[in-house]
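Now for the letters of each chain:
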Protein chains: 2
Amino acid sequence: MSAYAELEEHFGKAGRLGDAIGMLYWDMATMMPAGGAEARSEQIATLRVIHHELQTDPKLGELFEKARDEAGLSAWQIANREEMFRQYTHATAVPSDLVSRLSRKGAQTEMVWRSARADNDFARLAPHLAETLELVRETARIKGEALGLKPYDALLDQYEPGGSSETIDAIFDDLAGFLPEFLEAVLAHQAEQPEPVMPVGDFSVERQEKVARRLMETLGFDFEHGRLDTSHHPFCGGVPDDVRLTTFYAPDGFLKGMMGVLHETGHALYERGLPAEWRYQPVGAARGMSVHESQSLLVEMQACRSRAFASFVAPMYRDAFAGTGDAWEVENLYRVMTRVERSLIRVDADEVTYPAHVILRYRLEKAMLAGELEVVDLPEAWRAGMKELLGIEPPDDRDGCMQDIHWMDGTLGYFPTYTLGAMTAAQLFAAADRALDDLDGQLARGEFGGLMGWMGEQIHAKGSLLSTEALLTEATGEALNPRYFKEHLRRRYLPEG
Amino acid sequence: MSAYAELEEHFGKAGRLGDAIGMLYWDMATMMPAGGAEARSEQIATLRVIHHELQTDPKLGELFEKARDEAGLSAWQIANREEMFRQYTHATAVPSDLVSRLSRKGAQTEMVWRSARADNDFARLAPHLAETLELVRETARIKGEALGLKPYDALLDQYEPGGSSETIDAIFDDLAGFLPEFLEAVLAHQAEQPEPVMPVGDFSVERQEKVARRLMETLGFDFEHGRLDTSHHPFCGGVPDDVRLTTFYAPDGFLKGMMGVLHETGHALYERGLPAEWRYQPVGAARGMSVHESQSLLVEMQACRSRAFASFVAPMYRDAFAGTGDAWEVENLYRVMTRVERSLIRVDADEVTYPAHVILRYRLEKAMLAGELEVVDLPEAWRAGMKELLGIEPPDDRDGCMQDIHWMDGTLGYFPTYTLGAMTAAQLFAAADRALDDLDGQLARGEFGGLMGWMGEQIHAKGSLLSTEALLTEATGEALNPRYFKEHLRRRYLPEG
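Scoring rules and cut-offs
Residues numbered from 1 in each chain as written. Chains lettered and ligands numbered in written order. Predicted model: local features only at pLDDT ≥ 70, side-chain atom pairs only at ≥ 80, totals over all residues. Heavy atoms only, no water. Helix = DSSP H or I, 4+ residues; strand = E, 2+ residues; numbered from the N terminus. Buried < 20%, exposed > 50% of the residue type's maximum accessible area, 1.4 Å probe, protein only. Contact = heavy atoms within 4.5 Å. Pairing = 2+ DSSP bridges. Polar contact = N/O pair within 3.5 Å; in protein donor to acceptor, adjacent residues only side chain to side chain. Least-squares fit on C-alpha atoms with pLDDT ≥ 70 in both. Axes fitted to C-alpha atoms, helices over the stretch in contact; angles between N-to-C directions. Patch = residues over 30% accessible without salt bridge, like charges linked within 9 Å, V, L, I, M, F, W, Y side chains within 5 Å. Areas by Shrake-Rupley, 256 points an atom, 1.4 Å probe, with all protein chains shown as cover. Salt bridge = Lys/Arg side-chain N within 4 Å of Asp/Glu carboxyl O. Lys, Arg positive; Asp, Glu negative; His and termini not counted. Charge placed at Lys NZ, Arg CZ, Asp CG, Glu CD. Expected span 1.5 Å × (residues − 1). Arc of directions from axis to C-beta. UniProt positions renumbered as here; feature names shortened; annotations may be inferred.

A. Broad picture of the overall build of chain A. Regarding its fold elements, chain A presents 20 helices and three strands. For chain A, the C-alpha atoms occupy an extent of roughly 70 × 50 × 50 Å along the three principal directions. Counting the 497 residues in chain A, one finds 57% classified as buried. Long-range contacts, defined as pairs at least 24 residues apart, comprise 73% of the intrachain contacts of chain A with a sequence gap of at least 6.

B. Structural view of the pairing of strand S2 (residues 236–239) of chain B. All names here are of chain B. Here S2 shows one buried face, formed by Gly237 and Val239, and one open face, formed by Cys236 and Gly238. Pairing analysis gives four bridges linking S2 to strand S3 (residues 242–247), with the strands arranged antiparallel. Across the sheet, the residue bridging to Cys236 is Leu245, located in S3. Where S2 folds back on S3, the antiparallel hairpin that results is connected by two residues.

C. View of the side chain of B:Glu83. All names here are of chain B. Secondary-structure assignment places Glu83 in helix H4 (residues 75–93). In terms of polar contacts, Glu83 uses its side chain to reach the side chain of Arg86, at 2.8 Å. Contact partners of Glu83, with chain neighbours within four places excluded, come to Pro282 and Arg287.

D. Structural view of the relation of the copies chain A and chain B. With an axial shift of 0.0 Å and an RMSD of 0.0 Å, the rotation relating chain A to chain B amounts to 180°. When the rotation and shift are considered jointly, the pair of chain copies conforms to a two-fold rotation axis. When the interface residues of chain A are mapped onto chain B, 100% of them are again interface residues, pointing to one common binding face.

E. Broad picture of the sheet that holds strand S2 (residues 236–239) of chain A. All names here are of chain A. The strand order S1-S3-S2 describes an open sheet built from three strands, whose pairing is mixed. Each of the sheet's edge strands pairs with one partner strand only, and the pair in question is strand S1 (226–230) and S2. Strand-to-strand twist across the sheet, computed as the mean angle between neighbouring axes with direction ignored, equals 20°.

F. View of a negative patch on the surface. Negative charge collects at one region of the surface, where A:Asp433, A:Asp437, A:Asp438 and A:Asp440 lie side by side. Inspection of the secondary structure assignment puts A:Asp433 in helix H16 (residues 416–435).

G. Just helix H15 (residues 378–390) of chain A, in detail. Residue and element names in this part refer to chain A. Compared with the 18 Å implied by 1.5 Å per residue over 13 residues, the 17 Å span of H15 between its first and last C-alpha is a close match. Taken together, the buried positions of H15 are Leu378, Pro379, Trp382, Gly385, Met386, Leu389 and Leu390. Burial along H15 is one-sided: seen end-on, the buried residues are contained in an arc of 125°. Structurally, H15 contributes buried residues whose contacts are with helix H6 (122–147), helix H8 (165–192) and helix H14 (354–369). Phi turns positive, to about 75°, at Gly391, one or two residues after H15.

H. How the structure looks around helix H5 (residues 96–118) of chain A. Residues and elements named next belong to chain A. Spanning 23 residues, H5 covers 33 Å between terminal C-alpha atoms, matching the ideal 33 Å at 1.5 Å per step. Residues of H5 that are buried: Leu98, Leu102, Lys105, Gly106, Thr109, Glu110, Val112, Trp113 and Ala116. Buried residues in H5 make contact with H6. The first or second residue beyond H5 is Asn120, which carries a positive phi of 55°.

I. Fine view of the UniProt feature "binding site: Zn(2+)" (unreviewed entry) in chain A. Residues and elements named next belong to chain A. According to UniProt, the "binding site: Zn(2+)" (unreviewed entry) feature falls on His263, His267 and Glu293. Over a stretch of 31 residues, the named residues converge on one spot in the fold, their C-alpha atoms separated by at most 8.9 Å. Looking at the element boundaries, His263 is found in helix H10 (residues 255–273). Judged by its relative accessible area of 12%, His263 falls in the buried class. The residues contacting His263, other than those within four sequence positions of it, are Glu293, Ser296, Leu297 and Glu300. Tracing the backbone through its elements, the reader meets Glu293 in helix H11 (residues 289–303). You can call Glu293 buried: its relative accessible area is 11%. Other than its neighbours up to four places away in sequence, Glu293 contacts His263, His267, Thr417, Tyr418 and Gly421.

So, in structure tokens, the structure goes:
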């Protein structure tokens, strides 16, 4: 057997094991009774240890050496080998002692955070967060050396392979220069429009679920290869051949639940469309978090908050939820779905203000990692950043710098992928619009075959064959360019501007 | 670290991994869409390979050598070590080539069986079954040598550790001498009683599920540590801290679904009651299949088909299913629940005729393993056995020797555990009845605390500390004695006899 073939077998085993872990996580969030938590964490921890043993197997170093010189590998095989090597480098770079110290400290900080946030007590959290950060800094430094990357980029690489803070800086600075003034203009424009009215109807779980399934089918979701369930926070889990997505049905409204389903279906269709012939191999997996988020936001934001889709879905919603009255008219529903507000909380933000939340976090986490911002100074820096980017200041830390879970367990380098995803979605949608005949008309008829077919070919089927930049360039003709996102926002939110 | 401690760590890892596999099987039977089957079998196969690698790790031989001489081990630790060694011996005895040949051939035979059974075509099945049997014979011979057991007992040991065909022969011969004549008497007695009338009501799934959950709560099931779902065949899966049981709700009746729930709850309570301090260790697991079946049959047959429980449950059923009329009276419901019939199919058999089905299969599989019965002669031997033990003959092989899946993938040595379980249940129930104050009255009030508390102490909490025989002797004062089962049958089915 060639060294490459041996690597494939080895990583295929790790891939299947990783899929099993994914299923156990899905169950934990959807089906598991509370009393099963401890046993589940034992199961998952055991599988993760075995997974880590596979990824750091001492024989791999030599196999990579040999495989590097093997001739006759296809482009897919070469990309697969490089992706394996990237995973191997991440897994082996950091001493296991540091890995477990960060894991323990992160779990502790997260626990402290839960109660400290409830009590709005940043002082109680600060020393724990500082310790966590110290361990993240050490991890980033070591990974950076192993990967030949700047410390921040080494963290970023875990979620966004090949991503660079230099590129992100330029893109986010561009956007940060645009957003505050744009937001003012949008709010002024909105003030001149009729107030959106929340539609009233029968939003029982049964009705919502029925509509959710119908939306998924409209998008092309195949229930022979997946499920829809509920969980506290919507997510997309499972495995490519059995994609499990969830949403949350509010008792007093349908939009959050439905938009959640549309968003997660975007993720799910990406997973379903990954190249089946590379199943379980690193090259067969999704490219990275920004591309993944681009697929969910393409469906949710680009396609399904469009006026075209609103005209398709408004009568369907009205019938399905037994609604009556003007609030169910297309124009009002569209206004509801595209309402913009300055708000404190990222997860509730609309697509205009969301990037400002992300840019703030990106800048702060970079500064903290570089040692340019101390944890004790975080609340003040947060308020200043909110003021600058969003024009409001949080009244407390609970809804300020303590609102997100990410930093607590040491997850730095993840935040930027949300907004990179939003911008990628805009650029991909613009390219699809150029390539397809009357995309707007298709969406107005609830036809997604064209859009998702194009996306399947251009993005889904390519797995991790190309770098994120090359993938986007092949699909759209250029690397990520904030222009498309800004144009999209202008068109949707300042139609007369 | 002592060799024993190292063994504990190693088998603990295998135990957690085994639990993860259990969860994936549960999901496969309850939640998984059809299109997820291939991916799931890949996940499970990968975990099973890793599990097998753990159980056959080359370092184990030496660890067992050392641990054998280590002083100061507690009785639990010694039992744990011996149980580990038993598992290790089973896992290492058979060459992996033979394991995989049997696994492949078994899967193929099972596939042929599905269509051959549908077509009532034993001739098509026979050569495949014969090949499977040949591989089972070889396996049994090799395992027997490794374990110092007769070939049949080596197979039995996989499901019923320490079980012996010599003991079973004596017990089953005793029962086989009793049953045919007893069955005649029961049928004659029944003929003099009023015909049972099937109660009519609203058997919607919603109602059935509500009652099922109420029955489970009555038995002491804790929904913080488990779930109830549906599957094609009822089963009890999951793990001790998160027991997942299922049933099947027929659209036209409630009894099958409810008795299924009661049966599986018996299994579930055993799992829940296993010693938490030995979680993931072999000694912390259930003792074997006959004890497991004793717990389900104790609940279903001994407790819940009693007249006492019928008097508690009849009015509850009537109200819950919106029933009216005399068919919901206690006496009629009890007659329905204890109806005896000569029937062809084991899984539909009542508790009087069930042992006859099992004894037939036990005798035939022993004869086939010993080479005393050829596969081609199986249909004839089956008919003769049915005639002798049950007084009827199957009109075809579909409902004759082709009705069960067990032999198809090479599962021999399992069948006797069903009836050993039934007899164990009777003996345990008799002992509990002696130990408890007015058990009948408790059941008539729907109180299970006494019975299940006694069972928890005597059986559940002991895990695999003792041999099956010692466990039963400690709990009841003697080894398995068919007397209790026969007395139970006489009392219930020939009340005036």
